[in-house]
Amino acid sequence: MSVLPTPFVERIKSSTLFDDKLLAALDEEAPISIRFNTKKTLQAFNETQSVAWCESAFYLKERPSFTLDPLFHAGCYYPQEAGSMYIHSVLKTLDLPENPVALDLCAAPGGKSTLLTSFLDNKGILISNEVIRTRANILAENISKWGYSNCFVTCNDPKDFKKVPNLFDLILIDAPCSGEGMFRKDIKARAEWSLENAQHCSLRQRRIIADVWDSIKEDGYILYSTCTFNPAENEENVSWMLENFDCEVCELPLFEGMLKDSLNYGYYFTPGTTATEGFYCVLLQKKEVFKSNKKPKTNKTNFVSSQLFQSLIDEKIEHAFFEENDNYFAATPFSLDIYSIIDKSLFWIKRGVFVGTKQKKGFNPEIDLALNFSLRNTSETIELTKKEALQYLHGDTFPLEGTIGFKLLTYKGETLGYIKHLGNRFNNLFPKEWRIRMNLPTDII
Ligand code: SAM
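What counts, and at which threshold
- Residues numbered from 1 in each chain as written.
- Predicted model: local features only at pLDDT ≥ 70, side-chain atom pairs only at ≥ 80, totals over all residues.
- Heavy atoms only, no water.
- Helix = DSSP H or I, 4+ residues; strand = E, 2+ residues; numbered from the N terminus.
- Buried < 20%, exposed > 50% of the residue type's maximum accessible area, 1.4 Å probe, protein only.
- Polar contact = N/O pair within 3.5 Å; in protein donor to acceptor, adjacent residues only side chain to side chain.
- Contact = heavy atoms within 4.5 Å.
- Core = buried A, V, L, I, M, F, W, Y, C linked by side-chain atoms within 4.5 Å.
- Near = heavy atom within 4 Å.
- Nonpolar A, V, L, I, M, F, W, Y, C, P; charged D, E, K, R; others polar.
- Pairing = 2+ DSSP bridges.
- Axes fitted to C-alpha atoms, helices over the stretch in contact; angles between N-to-C directions.
- Lys, Arg positive; Asp, Glu negative; His and termini not counted.
- Salt bridge = Lys/Arg side-chain N within 4 Å of Asp/Glu carboxyl O.

A. Just the side chain of D169, in detail. Here D169 shows up in strand β8 (residues 168-174). Under the relative-accessibility criterion, D169 is labelled buried at 9%. A polar side-chain atom of D169 sits 3.1 Å from a polar atom in the side chain of K217. With residues up to four places along the chain from it excluded, the contact list for D169 reads L96, P97, N99, P100, V101, K217, G220 and Y221.

Right, dumping it as C-alpha cells:
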C-alpha cells in the first residue's frame, strides 16, 4: 500500500483529537456495509452486525459482487459507507413540518439522498442536486431505483439556488472535500491529496454554504458533512458560519466511538475508533428572519386525468399526473406543488416519476415507472431466473415465452424493467446507460 502523505501524517500526529489508531486503521481493510430499501425485497446476506446508528443497515463479512445481483439493480439495497448512515439518526431528531421541503445539495451518486427519501417516506419533497452532469445522471438512476414518488433531481451550481429563497426546511451539504476518509479504500486518494487542495476545498465549501444560505427557511436546518479529518474543512468552517450567519449549532445523538471536534460543534467518526471509513457531521439551525414580500409565482401545471393511468397500482399513496413535452409524469401532490413554484428556476433531470411517453392511445411505459414501488403496472409481468435477469440487465435478448406487448420483468418478485414482447422475440428496454458492462460469467446459476 502506498504511504500516507507526510503533511497529513504530521497533522494527525500533532492533533489532540486523533491518534495513531487512526493512522494504523487507514492501512487496514475498509468495512463493507449496506442499507436496505424497506419498501422492496429484503435480500438475504451473510450479515455480521447491524449498524448502530442506522436501522436497516448491516456490515457484510465480505464484499459480494453487487453487479451480479439483480436485486441490487432493482434498488433493494444500497452499499454505503457506514459513517454516512449516521445522518439517519440525526434526521430523526429534527423538528420538521409534516411535509418537509428538503434539498440534498451535493448529492451524487445518491447514498444520502436514498437515505433521505426513505426518511421522508413520500412526505414532503426531496430535491437532489448535483452540479456535474454525468454524475447527476447516475444520481437520477439511483433515485429511480429507490422507487419513491416525491423526488426530483436537478443539475445546478449551488449559486442557482439563490433564485429560490426561503424554501427549504432542511439542506444537506455533503460537501466536496479533500477526502481523507477515502485513504483507506481508494489508494489514488492518497496521491491526489495536497495541502493546497485541502485549503482550496475549505474555501469552496464556504462558497457553497454562502450560495445556498438564503434558500433555507427561518428555523430550517443545515446538515453539513464531509469525509475528511481536516479541521479547516469541518469545525473551522462551522466557526466561519457562526461568525457570518445567524445560526445555532444543534445537539447530535451520541454513539460509542464518536469524537467531538476540537471546537465542540460536531462529531467525527474515525476508522480505528468506529467501524467506518471516516465522516464528519454537524447540525445547524438558521435563526435569521427572511425579509421579502414577493409572493412566489406558480407555473402552470398541465394535469392529466388519472383515468389514463387506472391500471397502475397505487399503494395508498396519492399521486397527481402531469404532462410536459409529450411525456407523462407522476408525483405526490405536495411535491408537485413545490415543483410548480420553482420549475423555471432550475435545470431538472428528473421530475417525480417519469411514467411514460405519450401515444395516440395511452403511453409507452418508462423504467422509472417500473422501479417505483407504489405505482407500477404489474398486470403483465414475467418472472425471470437469475441467469435471465442478469442477461436482461446486460442488455441481451433471449427466448422468452409471452404474448405481444409491454411486459414488466421481475426477479424474486421485484421489478427490473420493461420489454416490448414481439411474440417470438423481445426488444430489451432496459436503459443502455444502466446496463451491466462486464462480461457475464458463464457459470451463473
Ligand atoms: N452526498 C453524496 C452521497 O452520499 O452519495 C456524495 C457527495 S460527494 C462527497 C460531493 C459531491 O459534490 C460530488 O458529487 C461532486 O461532484 C459535487 N461537487 C463538486 N464540486 C462542487 C461544487 N463546486 N458545488 C457543489 N457540488 C460540487
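B. Broad picture of the nonpolar core. Of all hydrophobic cores here, the largest spans 53 residues; its most connected members are F8, L105, F168 and I173. In terms of residue count, the dominant contributor to this core is helix α10 (residues 333-342) (four residues). The residues contacting F8, other than those within four sequence positions of it, are L23, L26, E180, F183, W193 and F229.

C. Here's a closer look at the site of the ligand. Residues in close proximity to the ligand total 17 residues, the closest being C106, G111, E130, R135 and D174. A distance of 3.1 Å separates an oxygen atom of the ligand from a polar atom in the backbone of K112. Between the ligand and E130 there is a distance of 2.6 Å, counted from an oxygen atom to a side-chain nitrogen or oxygen. Those elements that provide at least two residues to the shell around the ligand are α5 (111-120) and α8 (195-212). Tallied by class, the residues present in the shell around the ligand amount to ten nonpolar, two polar and five charged.

D. Layout of unusual backbone geometry. Between A108 and the following residue, P109, the backbone shows a cis peptide bond with an omega angle of 5 degrees. Structurally, P109 is set in the loop between β5 (101-104) and α5. Unlike most non-glycine residues, N325 shows phi in positive territory, near 45 degrees. By the secondary structure assignment, N325 is in the loop between β14 (320-324) and β15 (327-331). Residue N325 is classed as exposed on the basis of its relative accessible area, which comes to 75%.

E. Spatial organisation of the sheet that holds β15. Reading across the sheet, the four strands line up as β14-β15-β17-β18 and stay open at both edges, with antiparallel pairing between neighbours. Two strands lie at the open edges of the sheet, namely β14 and β18 (363-365), each paired on one side alone. This sheet shows a mean twist of 35 degrees between the axes of neighbouring strands, independent of strand direction. Sheet topology places strand β17 (residues 353-358) next to β18; three bridges connect them, and they run antiparallel. Across the sheet, residue K358 finds its bridge partner in β18, namely F363. Each of β14 and β15 touches α10; the most contacted strand, β14, lies at about 35 degrees to it.

F. Expanded view of the side chain of R184. Examined against the element boundaries, R184 turns out to sit in the loop between β8 and α7 (187-192). Put simply, R184 is tucked away with no salt bridge, and the nearest opposite charge, on E28, sits 4.0 Å away. Within polar-contact distance, the side chain of R184 engages the backbone oxygen of A25 at 3.1 Å. Every residue in contact with R184, bar those within four places of it in the chain, is listed here: A25, L26, E28, E29, A30, P31, P271 and T276.

So yeah, pure geometry; function would need other evidence.
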